Amino acid sequence: MIVVSIDTLRADHLPAYGYRGVDTPHLDALAKDSVVFDNAVAHVPLTLPSHVSLWTGLLPFQHGVRDNVGYRMAGKHPTLAGFLRALGYATGGAVSAFVLDHGSGVAEGFEYYEDGIESRDVAEALGRVQRAGGETEALLEHWIARQTPGRPLFAFLHLYEPHSPYDPSEPFRTKYAGRPYDGEIATADAIVGRFLAFTRTRGIYDRAVVILLSDHGEGLGEHGEDEHGILLYRETLRVPLFVKLPRSRDAGRRVSAPAGLADVFPTVAALLGEKAPEGLSGLPLLERGGSERARSVYSETLYPRYHFGWSDLASLTDARYHYIAAPRAELFDWTSDPSEKTNLASGLPPAFRSLRLALEKMDRPLQPPGSADPETVRKLASLGYIGAAAPATHRKDLPDPKDRISTLGRLKDATRLASEHRDDAAVALLRTVVRENPLLLDGWETLARLLRGSGRPREAIAALEEADRLSPATAPILLGLADLHRETGNLQKAWSLAQAAGAAGGAGVPGELAEIALARKDLAEAARQAEAALAGSETSRAPLLTLARIEQARGNPDGALRQLDRALGVQLRWKQGPMRNLQALRGDALARLGREREAEAAFREEIEAFPGNLDAWSRLAVLFAGGGREAEFRGLLEEMTRRVGSRQALETAGRLCRIVGDRWCAKHWGAKLKEVATAAGS
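Residues numbered from 1 in each chain as written. Predicted model: local features only at pLDDT ≥ 70, side-chain atom pairs only at ≥ 80, totals over all residues. Heavy atoms only, no water.

Caption draft 1: Geometry of the side chain of Asp 442. Along the chain, Asp 442 falls in helix α16 (residues 441-453). Arg 449 provides the closest opposite charge to the buried, salt-bridge-free Asp 442, at an N-O distance of 7.2 Å. A distance of 2.4 Å separates the side chain of Asp 442 from the side chain of His 307, its partner in a polar contact. (Helix = DSSP H or I, 4+ residues; strand = E, 2+ residues; numbered from the N terminus. Buried < 20%, exposed > 50% of the residue type's maximum accessible area, 1.4 Å probe, protein only. Lys, Arg positive; Asp, Glu negative; His and termini not counted. Salt bridge = Lys/Arg side-chain N within 4 Å of Asp/Glu carboxyl O. Polar contact = N/O pair within 3.5 Å; in protein donor to acceptor, adjacent residues only side chain to side chain.)

Structure follows, in structure tokens:
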């Protein structure tokens, strides 16, 4: 049994559904071997709640996970992995996005669940913390190869291509220049092809059930939404769904009736001749006449309510119509208007009235973020964390998201300004946005990231505390606050916040506790927490960097270098991308060992991968100054300020000049900084 989930994949961007803008030979071949569902619909256009519906066979308001943050699958419902494990299956999964880490509860039922995904940059948004699908695929191959021959297995592969940011690998970056979303689809196709070829060599493919799907689609600018999560139009809800049966039975069959991702669990149970758990919302899809009877598929998004202070949305899709409940409700005939451009609601046709009535009859509690089980609430209270209900929970008459979607453009403008090193302008714009939209969770989180990235951690704390108020007991926000308090030296507060994140089910807590212990010079506790963070992971590098810093604090650069070379070995083995600070720390250890040329090469490698890492520039500058290389020192500062271009880079240049006692240099960069300040104020 194999399930492949390709995140953010629109059905109408695949040749199997008539698209001609991308080549996907491996997905095409799988489609030919499969039963293909032409109108499969996601229940939520968000990764975590959509996968929870997939695994539980329940709708979002039934399983209670309504967003990527602030919610956790609490073990109250049977899961597909647990169901198969009870039948004797080996159950293993490997995922490519942080939002599906085990802290979300979504790993329930899996014996093996590889989620060792590390952020490349502290300023990276949660939804963008991912790893390359090729690395994830290799990890799952490795697990499958270790299984006992003859034991049935359930393997789950999750790919984050083509989720934004769209950055296809070569040759697809060049082939689809100007169309990076399609380039990422081609990248995902190549990874799936590699994985299915592996299953053939192991003798698995022909006898296996292989299900390929996506959790949701992508807006791509249609109806004003570039990505997903806010609106419920067809471009974000319609997803591919292929079901390949053993020996490709029923290959080529197309099913036009609507299907939902919650149908996968009961479908698998029916294929195995087993009784599905009671109370599932999904239906077995392959019983002829069963799933094809008249039905409506439910979808929702609470994302606009809890992230923007706008109205939540819900919809029903039947064999012809798509009804969207909103402050201004909509109805589309998707069979004749697949792009959903013509709203039929004004005439109140029978379909509008019947679908609206069906939706109104559903009991759909809101379940706000942070509404955890009583035991979790007690744990949080014992740690001094008392979170109030999210302010948007009980608000009525919230604005219609389609009327406010242009606000997203201002958030993107702020991010663009920051990428151009115009930090002050980016922060000013975001402050205006959140002042006008105080319930804008994404605005406060983005503001906190930009403030931290521009060297203003105390202001970042204030912004992130506003996010905590809007989405209480959200583990990633608590961890972010812990990290910021560590940076500002409030180590007791940082420790309690990290523990609260752990009580809220957050992943990565031992790693944060290790960093806090290191900051307070408790090296034994730091090492204990770092080893705990490392335990059971084949791919983690961050704990090794912490262990290296511990060795440096002990005055043992040899030991530090060994840990860093271990991290580099992990990176090379799993073909991971570069990790921030790995080479900078290697350079520091090498410099302490008197290996200056190797240290310089390591610092240069860090700078090429992360040009915004001012610490790496600083360490290399000190290396030059210590070696009497004055011209290279001054030239490096020129290069740094040119490539980074921020006020913080100018401040760093002046500080380095003062450290090495170069008065002319300090005066030069002080004047440059004054020019920038004057220009910003004019």
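Okay, back to it.
Caption draft 2: Structural context of the packing of helix α17 (residues 457-470) against helix α18 (residues 475-487). It is the contact of α17 with α18, at a shortest axis distance of 10 Å, that shows an interaxial angle of 160 degrees. Here α17 is positioned roughly antiparallel relative to α18, judged by the angle of their axes. Considering the relative orientation of α17 and α18, their crossing is left-handed. Between α17, through Pro 457, Ala 460, Ile 461, Leu 464, Glu 465, Ala 467 and Asp 468, and α18, the contact on the second element is made entirely by Ile 477, Leu 478, Gly 480, Leu 481, Leu 484, His 485 and Glu 487. (Axes fitted to C-alpha atoms, helices over the stretch in contact; angles between N-to-C directions. Parallel < 35°, antiparallel > 145°, perpendicular 65-115°, else oblique. Left-handed = near helix turned anticlockwise from the far one by under 90°. Contact = heavy atoms within 4.5 Å.)

Caption draft 3: Examining the environment of Glu 114 more closely. Along the chain, Glu 114 falls in strand β5 (residues 112-114). Sequence separation between Glu 114 and Leu 139 is 25 residues; the distance between their C-alpha atoms is 7.5 Å. With sequence-adjacent residues up to four places away left out, Glu 114 is seen in contact with Gly 93, Ala 94, Val 95, Arg 131, Leu 139, Ser 537, Glu 538 and Thr 539. In terms of polar contacts, Glu 114 uses its side chain to reach the backbone amide nitrogen of Gly 116, at 3.0 Å.

Caption draft 4: Summary view of unusual backbone geometry. Cis geometry is found at the peptide bond from Glu 161 to Pro 162, where omega equals 15 degrees. With respect to the helices and strands, Pro 162 occurs in the loop between β6 (153-159) and α6 (172-175). Residue Ser 164 is joined to Pro 165 through a cis peptide bond whose omega torsion reads 0 degrees. Phi at Thr 8 takes a positive value of approximately 65 degrees, unusual for a residue other than glycine. Non-glycine residue Arg 247 carries a positive phi angle of around 55 degrees.

The quantities given are spatial measurements derived from coordinates; they are silent on function.
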